[in-house]
Structure formats: C-alpha cells, structure tokens
Protein chains: 2
Amino acid sequence: MKLGRPRGTRDFLSGEMRVRRTIIERIRGVFEAHGFEEMDTPAIELWEVLAAKGGEEVEHQIYKFQDKGGRWLGLRFDLTVPLARVVACTPDLAKPFKRYNISKVWRYEEPQSGRLREFLQADIDVVGSPRVEADLECISTAVDALRALGLSGFEVRVNDRRILEGMVERLGMDGEGRSKVFRALDKLDKIGIEGVRRELAAAGLEEGKAEEVLSFISCRGREALEYAERELDSPAAREGASDLRRIGDLASAFGLDSLLVDFSLVRGLDYYTGPVFEIKTGTAEIGSIAGGGRYDRLIERFGGPATPATGISLGIERLFEVLKGSGTGQGPVKVFVAGVSDRVTAEAVRISRELIGRGIPAETDLMGRRLGRQLEYADGKGIPYVLIVGPEEISRGKFKLRLMKEKREISGSLEELAGEITGAIGGGRGGAGAEAGEDRSQLRTQA
Amino acid sequence: MKLGRPRGTRDFLSGEMRVRRTIIERIRGVFEAHGFEEMDTPAIELWEVLAAKGGEEVEHQIYKFQDKGGRWLGLRFDLTVPLARVVACTPDLAKPFKRYNISKVWRYEEPQSGRLREFLQADIDVVGSPRVEADLECISTAVDALRALGLSGFEVRVNDRRILEGMVERLGMDGEGRSKVFRALDKLDKIGIEGVRRELAAAGLEEGKAEEVLSFISCRGREALEYAERELDSPAAREGASDLRRIGDLASAFGLDSLLVDFSLVRGLDYYTGPVFEIKTGTAEIGSIAGGGRYDRLIERFGGPATPATGISLGIERLFEVLKGSGTGQGPVKVFVAGVSDRVTAEAVRISRELIGRGIPAETDLMGRRLGRQLEYADGKGIPYVLIVGPEEISRGKFKLRLMKEKREISGSLEELAGEITGAIGGGRGGAGAEAGEDRSQLRTQA
C-alpha cells in the first residue's frame, strides 16, 4: 500500500522549497519596505462569510464541510474575503490599513500546469483610501516585488469598471446582459476578438451593439480616455475616466514606465467598483502574473461601514513555475564535520555546534558512517566544506578542511578554519535572513 | 450583519503578527543553521493517509470532508503524517533526511488558552538514522531555537518506550492493559501521583502491581537506569536503557546541560518506539513547550520500507502566548514622507520610493490628508521619522526631517537626511531579513 496526495496538490522538498522560500521572502521584504504589514487569518472560515462575497463560480469551487458540531465551514478561496471580514469587524483600524498576506488558498478546479487546487497567493491591499494613489501603491509595490525576483519588461494594463458600466448602460443593457458582456470580454485573452464576437452573438446581443462593444474595447491609452470622455454620459463613467487620467499622470512618480489604459480589461465578474489592473512580464511563459482592482462596496457586504479599498494579488505558483529552475541546488549547510570513527563523535558534535555558534551553518554525521560515506553524503548535498576530525587532530588542535569543489585541503586551528570559511561565504549568517539578502542573480528567469 | 470566525481560530494583525513572524523566522534560522531543510506539503490529505497513522482520539479530531468528486479528505492534524507519506513514497531520498516544517495544523478540540483549533507547529525530524545522535540532534536544535527566542532554564526529560514496554511486560499485562497504564501515566503532570493511583485502580490493575508501576515511574536519572538494568529482562528494554545511557553521555557535547531520565514520561499513546523526550523552560507560564520521540515503524504503515525516524515538535501558540507582550509596537516603516498639499503628491511619492531604493522602508500619504493628519498617522504607527515635502523644499532641494520621539527637526538634502536615517537605523535593510537579524532582546519573556 502506497498512499498518495489529493489531486491538484503538491509536496515541495529541499531544492524546490528553497526557491519558493526565496520567492516568498523577497516579496515579503518589498511589501514591508513599502509599509504593508502582515496579517494572518484562519484557513477555515464560516460558510456564511465565504458566501457573503457571492459569485456562483467561486461557490462551486469552495471546499465546504461541517465541523463536529454541525457548523458549516469552508476553506478560504482567496485572501480578500478574510480581509473584508476583519475590516468589517474591526472598526477602529487606523486608515489607511495597508496589509499583506502570503498564504495558501484552495479551489476545486481542474488542475493544469501552474494551476493547483491548493496554491499560494501574495496579496497587498490598501483599505480606507478612495484615491488612485492607493491603487498605484498596490500596482507599484507589486511591480517592485517582481523586480526583486529578477523579472523585467513589465506591462501594466488598467481600466475602470465605471467605464465598462457606462458602456453597457449606453447600450441600454440590464444586469443580466451586462454580466454576459463582461463574461465575454473577460475571455478576450483566451479566445481572441473573433471568439468574443461569437460569445456576444450567442449571448443575444444584436450585431450593431456587439460591434460597438468591440470597437470600444479595442481602444487603448490616451485615445481611449478621450473616446470615453466624448462618448459616455454617466457621471460615474466620467469619474472613472478622470481617475484613469490621474493614474496615468502619477504613474512615473510611482516608478511605472509602461502603464496602458486598456478598455478590454475586465478582471472577472467580481466585486470591483473602480480601477482594475493587471501586470504582465516580458517573460513569455508567465503572461499575467498579478491582478486586482478597487472594491469600495465589499466591506459593506460583511456588515462593515462603507469603506473604500483596493488591492492586488500575485500568483506565486506561476512565478514558481518560471523560477524553479534557478535554484542553486545548495542547501544552507556550509560545513560537514566528519568524524573518522565513533570514538570522536562527541568531539565532532561539539565542533559542529561551535561552528554554528560562529554563524556557520554546519552538520555532522548522525549515522555512525565511515569517513568515505560521510564525504559522499556531503558531496551529494553540495556542502562546500568538510572538516575532518580524528583523535590526532583533536589532540593537536589542528584540523584538515576539505574544499569539496576544488578537491584540495587546507589545515589549521578551528579558529583559523572558521575564519577562512566565514570569509569565503561572506559574513556567515545562516537562515532565511541571509537567503533573503542574497545576491539577486540567484533567482533569474530562464527566458 | 457582522460575520465571525470559526471557534478556536484567530486573526493576527500588525503588532501580534510581527511577534509571530519574528518567532517563526528565528526558529527557521536555527533549524537551517543545523542543516534541516524546509519541506511543505498540502494542508489537505487523503482520508486514508490521515487514518493510516491510527489513534482513535486523533481520528475524532480531524476535520473530514468530501471533495466535489466524492473523495474523502481531511485537514492534517500534525506534520508527522505528511512526512511519513512523503518518505514512504520517495525511496530515493538521501539519508539522513533532515527536514523542518513550520506550518498550520487543525484539530477539532475544545478551545482553551493557548489551545486553538487551527494552530502553528514547528517540527524537525531526522529520517534514516537509528542512532541516538539523531534524537539528540532534534532535542538540541529545538533547545537552540528556544534560546534564540530569549528563553532559558531548560529542563529536558527523556525516557524510552522500550523501557515502559518492559515494565508492563514484567507485570504480565496485555495490549489493552498496557494502553490503560500508559494512558494513566500520561496524565501524571495534570492529575498528580494520587490521580494516577486512582486511574490505575479504575483500570482494574491490582494494588501490588499499581504500586510497582508507581515506584518504577518515580525513578529519575542514573538511579533509574540502574534500576531498569537490574529489574527488566527483555532485550528491548535493555537496549532502551543502553540508548538512554548513551544519550546521557553525549548530552553535553550537544549543548544540553540538564537532561534528566524520567520513567514517567510517556508522550501519549502514539507511535513511538524508542526514546521519547520533552522540553520545559524555566518560564513558569510555558511549561512543556516541545516534545517528540523516535518512531521507527511509522513509515511502514504508509507503505514505505522499514525506516528509522525521530523528531520533535515545538508548540508555536504557547510560545506566542508568552512572547506576545514583547513586541515593540513598531512596524517596518522608518520614514513617513508627508506632502504639504496635493500639488506635491508626485514628488512625495518619488522621494518615498527613492528612500525605499536606498534600503529605508518608507511610505507616503495615500489619502490626500492635511499635514497635521499625516503627522498624527505617522505618530500613531510609531514611525520614527517624518520627511516634509513642500514646493519650497522641492525647489531648494532641502528638506526638513522630523524626529518624532525627540520632537525636533533637522534639515538637509535628501542625500544627507537618508544618510542620517540609515546611520540611526543601522544598515537600513527592511523586511523579514532585518527583523530576523535584530537584537535578540526584543523578544523577551515577561517572566
């Protein structure tokens, strides 16, 4: 009997896990540098909470169950719902409330490459500000996080839901028709303009109106804004256009060079009420890597006061798919302390612990293996140094240090050798901190 | 309508979350310095997998549910089961396989202070070594992790399951009686020696035998080992005693000063097969903070080859309860860039981003607030510096920097002020890395 894993889930071991950890810590570092603070909420939420967000598709994807007391619960399917719940229940939060959360979410979907049923998301949100500075803060922080991972060539596309609403309003469409149009537009990247034309026809939209929609969504940039300002009457749509203008004006201050207004951007049927945005990178395999928008009405649905909010979500699994080949294969350990026989075990342990105390990640044999096997193990794990401990070395206080890559040995006191290693590895701090501070070149896209 | 959280779960916001993050990153740093590598597995497991570990109590505590395809799943209730599954399914793992995992687990229990239904565990395990060095590596790494959190005064208690088995065997007890005795002994800390005496009587153990058990479990240290070696006949029990002796001999090499053999230590009805251990700290409120043992037969239950393994688990929630008062209340941001009016927004954003680029975590106003309100916000968040940006400052290239605590201002070019701040905050690296490397005194027990 061998036991497996639920479909659409994965295990991550040493090498892959190190890449994931590096991705997470670099993103975290950027989020914190921009003043976002971490929040953690339970993976399980009350069913009422998950359902409060609404959206038929999402409800079908939730892992739903009863606890032993008969209460209905579910696994969270995004990080926005828990945020909305917390904000609704915590009226005295200082505003703007800038929070990040890098955590797992669960969706029962058909697994594909880069799409799992359990996956990591990295979200930043600004709650409490109605201004486009908050939207730009989310976009630019996300771009900085991607830059910290060695990615480049970003394309940021923005739209505003109020403009899309203004468009369907102008066509005289009701709620149902509106949803159909939005749903068709949302597929543009997948099915192309002809596909959207077919979808609009299938949705019962008359040909003249469909062509108007298609001409509208093919607008880009300043031209698009002028078109909207000329063609749309509703005050909301005009506000949307004015916000997009201000986003464009402030983009370069926020470090965003290539920000493009794109009326075809919908971002699902979700709860968005204002600007929506999406980030693509120049790396072909990735495509859209982050997206989000403003959702000024969501907190109310959770019983809170009317609260403006905006946020963006980075897809960690996609990033991982592109970056996973960039790991160095090296673990944290720098020195393996090899004892020549069982009689020196205690001393090998002592030396290993002394090295760790000096900031050099180290390990020693835990298996009672012969020296040859210990060297094989160290080599297999890519540990760069092996310190050899025998009775003679102990009595003389002088040890041999094997440089595994160069296949040569140096010798000296423990003090001297530790100094040598610290010099070579640069400061000698182990752990996640050191990793997060590493040279950025370690994580490079394979493109 | 206000929406709550499932019972026994919590949200963690800024200040509390920073303490949790610091705990996690320090523990991670120690684990990695000792050569443990991170592994991540899904929160959801197939029901067969969770059930394979056995144990009636645990099965009743599992959150169990069907996915949309009708497959039975559950939330993991510990981090050992996923490890056993991975090892069983991955025969080519290099041994010893030293892994750590700091993740959430779920148990449907009655919530109490420090006991939640969703909680964080930090586990380290050594798979593949049958030797006590592996057990000691787990114990000593756990103690080092606790030291890194500022805790001290550790008491490590060890026992060996083979000795306990030898004791019940000698009393001529079968599987059922054995379980009853173990269950009674396991409650010693809670119900005291009189309580155990009553439990043994209630379990139907005759008085003479019960007294023998009680006299046996009151043995401590070297005396206990001699007693076991004299009184127990089974080869397994003798091996247990010999392993405990070796653990005692090697303890000081592993940096463990106060290791005590204690025959009353049982560690539940679980799958342990050899040494079991528990760590208490000198901090009264914490008590037992880590525990584990050797489980040489567990991998087989998951269809893998016979594989020796040992591990220890640190209870993060208990650590958090003791350490949560030790946060400084300060977030990551060092400088708030305040604009005097809307006209300088773009410039304030640019300056804020420039400071971040220089390694100084910074933020700027996203709400269009007046200067006074911006200063209040910075003060409320404990941000130590406010840089004031107005049209005149921009044209002169000279800015005022307000030192919030000292209530005074200095002025200079952006370059000069950034240098001043970097000097004061020490190096100016934001993010988790900087936090993990901070002075240890920040996390202090309140004892």
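Predicted model, so just to flag it, every value in this text is computed and none were measured. (Residues numbered from 1 in each chain as written. Chains lettered and ligands numbered in written order. Predicted model: local features only at pLDDT ≥ 70, side-chain atom pairs only at ≥ 80, totals over all residues.)

Remarks on the interface of chain A and chain B
In step 1: Contacts between the two partners involve 83 residues from chain A, matched on the other side by 83 residues from chain B.
In step 2: Residue contributions to the side of chain A that touches chain B peak at eight residues, all from helix 1 (residues 14-33) of chain A.
In step 3: For the side of chain A that touches chain B, the per-class residue count stands at 40 nonpolar, 18 polar and 25 charged. (Contact = placed C-beta atoms within 7 Å. Helix = DSSP H or I, 4+ residues; strand = E, 2+ residues; numbered from the N terminus. Nonpolar A, V, L, I, M, F, W, Y, C, P; charged D, E, K, R; others polar.)

Details of the domain arrangement of chain A
Accessible area lost upon the coming together of the parts is a frequently used measure of interface size.
In step 1: For chain A, the assigned domains read domain 1 (14-170 + 219-326) and domain 2 (335-429).
In step 2: Placing the centre of domain 1 of chain A and that of domain 2 of chain A at their C-alpha centroids yields a distance of 48 Å. (Domains from an automatic or database assignment.)

Let's talk about the sheet that holds strand 9 (residues 275-280) of chain B
Residue and element names in this part refer to chain B.
In step 1: The strand order across the open sheet formed by eight strands is 1-5-6-11-10-9-7-8, and the pairing between neighbours is mixed. Each of the sheet's edge strands pairs with one partner strand only, and the pair in question is strand 1 (37-38) and strand 8 (259-261).
In step 2: Examined bridge by bridge, strand 7 (residues 155-160) and strand 9 share six bridges and lie antiparallel to one another. In the strand pairing of strand 9, Val158 is matched with Phe277.
In step 3: Packed onto the sheet, helix 1 (residues 14-33) meets strand 5 (97-106), strand 6 (118-127) and strand 11 (309-315) and runs at close to 160° relative to strand 5.
In step 4: Strand contacts of helix 5 (residues 132-148): strand 6, strand 7, strand 9, strand 10 (288-294) and strand 11, with the helix running at about 15° to strand 11, the strand carrying the most contacts. (Pairing = 2+ DSSP bridges. Axes fitted to C-alpha atoms, helices over the stretch in contact; angles between N-to-C directions.)

Notes on the relation of the copies chain A and chain B
In step 1: The operation relating chain A to chain B is a screw motion whose rotation component is 180°, with 0.0 Å of axial translation and a residual RMSD of 0.0 Å. Between the two chains, the operation in question is that of a two-fold axis.
In step 2: Most of the interface of chain A is mirrored in chain B: 100% of its interface residues are interface residues there too. (Least-squares fit on C-alpha atoms with pLDDT ≥ 70 in both.)

Structural notes on the packing of helix 6 (residues 161-170) of chain A against helix 11 (residues 235-250) of chain A
Residue and element names in this part refer to chain A.
In step 1: One way to put it is that helix 6 packs onto helix 11 with a least axis distance of 7 Å and a crossing angle of 145°. The two elements helix 6 and helix 11 cross, and the hand of that crossing is left-handed. Where helix 6 approaches helix 11, its residues Arg162, Ile163, Glu165 and Gly166 are matched on the opposing element by Ala236, Ala237, Glu239, Gly240 and Ala241.
In step 2: For the contact of helix 6 with helix 11, the class distribution of residues is four nonpolar, two polar and three charged. (Left-handed = near helix turned anticlockwise from the far one by under 90°.)

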